[in-house]
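# What the coordinates show
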Amino acid sequence: MLTSATIKQKALECGFDLCGIAPADSHPALEFFRDWLARGYAGEMSYLSRSAAQRADVRAVLPSARTVIVTATVYNTDPPYSTQCADPARAQIARYAWGDDYHDVIGRRLDALLGWMRDTAAEPFEARAYVDTGPVQERVYAQYAGIGWIGKNTCVINAELGSWIFLSEILCSLPLEVDAPAFDRCGTCTLCLEACPTQALTAPGVLDSTRCISYLTIELKGPIPLPLHPAIGSHIYGCDICQEVCPWNATPVVSNDRAWQPRPAWDAVDVRTLSNQSDEALRASLRGSPMRRTKLAGLRRNLAVALDNLE
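Residues numbered from 1 in each chain as written. Predicted model: local features only at pLDDT ≥ 70, side-chain atom pairs only at ≥ 80, totals over all residues. Heavy atoms only, no water.

Time to look at the pattern of salt bridges. Inspection of the entire model under this criterion finds ten salt bridges. Residue R39 pairs with D35 through a salt bridge whose shortest N-O separation is 2.8 Å. Measuring nitrogen to oxygen at the nearest pair gives 3.0 Å for the salt bridge that ties R263 to D100. Taken together, the positions of R263 in the loop between α10 (241-244) and α11 (271-275) and D100 in the loop between β3 (92-93) and α5 (102-120) put the pair 163 residues apart, joining distant regions of the chain. Classification of R263 by relative accessible area gives buried; the value is 18%. Taken together, the salt bridges that share partners define one network made up of D101, D104 and R292. (Salt bridge = Lys/Arg side-chain N within 4 Å of Asp/Glu carboxyl O. Helix = DSSP H or I, 4+ residues; strand = E, 2+ residues; numbered from the N terminus. Buried < 20%, exposed > 50% of the residue type's maximum accessible area, 1.4 Å probe, protein only.)

Turning our attention to the sheet that holds strand β7 (residues 165-172). In space, the four strands of this open sheet follow the order β1-β2-β7-β4, with antiparallel pairing throughout. Unpaired on one side and paired on the other, β1 (18-23) and β4 (127-130) mark the two borders of the sheet. For this sheet, the mean angle separating the axes of adjacent strands, direction not counted, is 20°. Looking at chain direction, β4 and β7 are connected through four bridges and run antiparallel. (Pairing = 2+ DSSP bridges. Axes fitted to C-alpha atoms, helices over the stretch in contact; angles between N-to-C directions.)

Turning our eyes to something else, we now look at the nonpolar core. Ranked by size, the top nonpolar core spans 29 residues in total, and within it I69, M117, F125, I170, C172 and W260 carry the most contacts. For this core, the secondary structure elements donating two or more residues are α1 (4-13), β1, α5 and β7. Among the elements that take part in this core, α5 stands out by supplying seven residues, more than any other. With sequence-adjacent residues up to four places away left out, F125 is seen in contact with L2, L114, M117, R118, C172, S173 and L174. L30, V58, V61 and A65 belong to the second largest nonpolar core, which has 24 residues in total. (Core = buried A, V, L, I, M, F, W, Y, C linked by side-chain atoms within 4.5 Å. Contact = heavy atoms within 4.5 Å.)

Moving on: the packing of α1 against α5. Contact geometry for α1 and α5: axes closest at 10 Å, N-to-C directions at 145°. α1 and α5 meet at a crossing whose hand is right-handed. Side by side, α1 and α5 meet where T6, I7, K10 and A11 of the first sit next to L113, W116 and M117 of the second. Counted by class, the contact of α1 with α5 contains five nonpolar, one polar and one charged residues. (Left-handed = near helix turned anticlockwise from the far one by under 90°. Nonpolar A, V, L, I, M, F, W, Y, C, P; charged D, E, K, R; others polar.)

Attention now goes to the pairing of β7. For β7, the buried fraction is high: eight of the eight residues fall into the buried class. Neither face of β7 is open: one carries I165, L167, E169 and L171, the other F166, S168, I170 and C172, and all of them are buried.

Glancing now at α5. End to end, α5 covers 26 Å across 19 residues, agreeing with the expected 27 Å (1.5 Å per residue, within 8%). Residues Y102, V105, I106, G107, R109, L110, L113, L114 and M117 constitute the buried set of α5. Packed against the buried residues of α5 are α1, β2 (67-74), β4 and β7. (Expected span 1.5 Å × (residues − 1).)

The next subject is helix α12 (residues 279-286). Residues of α12 that are buried: L282, S285 and L286. For α12, the buried positions fall inside an angular range of 100° around the axis, keeping them on one side. Check the buried side of α12 and you find it contacts α11 and α13 (295-310). (Arc of directions from axis to C-beta.)

Here we come to the packing of aromatic side chains. Any two aromatic rings considered together are summarised by their centre-to-centre distance and by the angle between their planes. Counted under the stated rule, the structure contains nine aromatic pairs. Pairing Y96 with Y102 gives two aromatic rings, centres 5.8 Å apart and planes at 80°, and the pair type is edge-to-face. Grouping aromatic residues by their ring pairs yields a cluster made of Y75, Y81, Y96, Y102, W164, F166, Y237 and W260. Looking at R95, its charged tip hangs above the ring of W164, at a distance of 5.3 Å from the centre. The aromatic ring of F125 is capped on one face by R118, whose charged end is 5.0 Å from the ring centroid. (Phe/Tyr/Trp six-rings, centres within 6.5 Å; stacked < 30°, edge-to-face > 60°. Lys NZ or Arg CZ within 6 Å of the ring centre and 35° of its normal.)

This part is about the pairing of β2. Extensive coverage of β2 is indicated by the burial of eight of its eight residues. Neither face of β2 is open: one carries T67, I69, T71 and T73, the other V68, V70, A72 and V74, and all of them are buried. Alignment of β1 against β2, held across six bridges, turns out to be antiparallel. By the bridge assignment for β2, I21 is matched with I69. As defined by bridge partners, β2 adjoins β7 across eight bridges and the pair is classed as antiparallel. Bridge pairing links V68 to L171 in β7.

Spelled out as structure tokens, the structure:
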């Protein structure tokens, strides 16, 4: 029988760590997105503007949607935080990108969950599944599904698991029982805002992507603005500092999932070693990795900035 409870149990069997269900409503938190775009904080990510109408309500994506099933997967692994690394030459890579491409891994798990739902349901239903690819404000739905609250660093934080989680979702036409939303537990803490090297967090929960190291080293296609070079440090792909200083990640849950373990190419490697690798070797390392998003040219650009910062 297909119920909220059986879906959550099956989600765990498919490899997810959490599963919650939110109503497919016009939640007030969805409205800030347009204001965020108007401030120019999306930078060159023009696809966000193009899909703004859809991102305002999942029913613009799936008109029959009644509920949103949200899953969370812990990707945190053993190696220490970048803030604990004393070696300025260590190539800093966002933790989520150490292992295999989450789009592929979680996509397979989400397909398995949705396939089981279709086989189990008494009647056909409509659904769309996304892993960080669809026009969905997944963090908002994660909050309304009880997965966690949106922290001042803009990440979804779960009180037991922290914020080292991948989100994915299934929009569906099923009238499932929904969960209670998660409530903000950041309190008066502002450690993430204070720790950001580029002051990209302009206010609690507000990120200016054009200043964010993750945007600069991943999404930006052209040169990184010179005034921001020193703050990049040795970050060659993304940045985790705003999560690393978060008290909710002080004693984080660690995943033993092989998919998220650091690949040898990125594990405790220094900037000079990577810079000296051939294009062929770097391309090979990028295959099947989330880091392929920046492409070889972007990785070379980032390495050049990091190398210059070491001089």
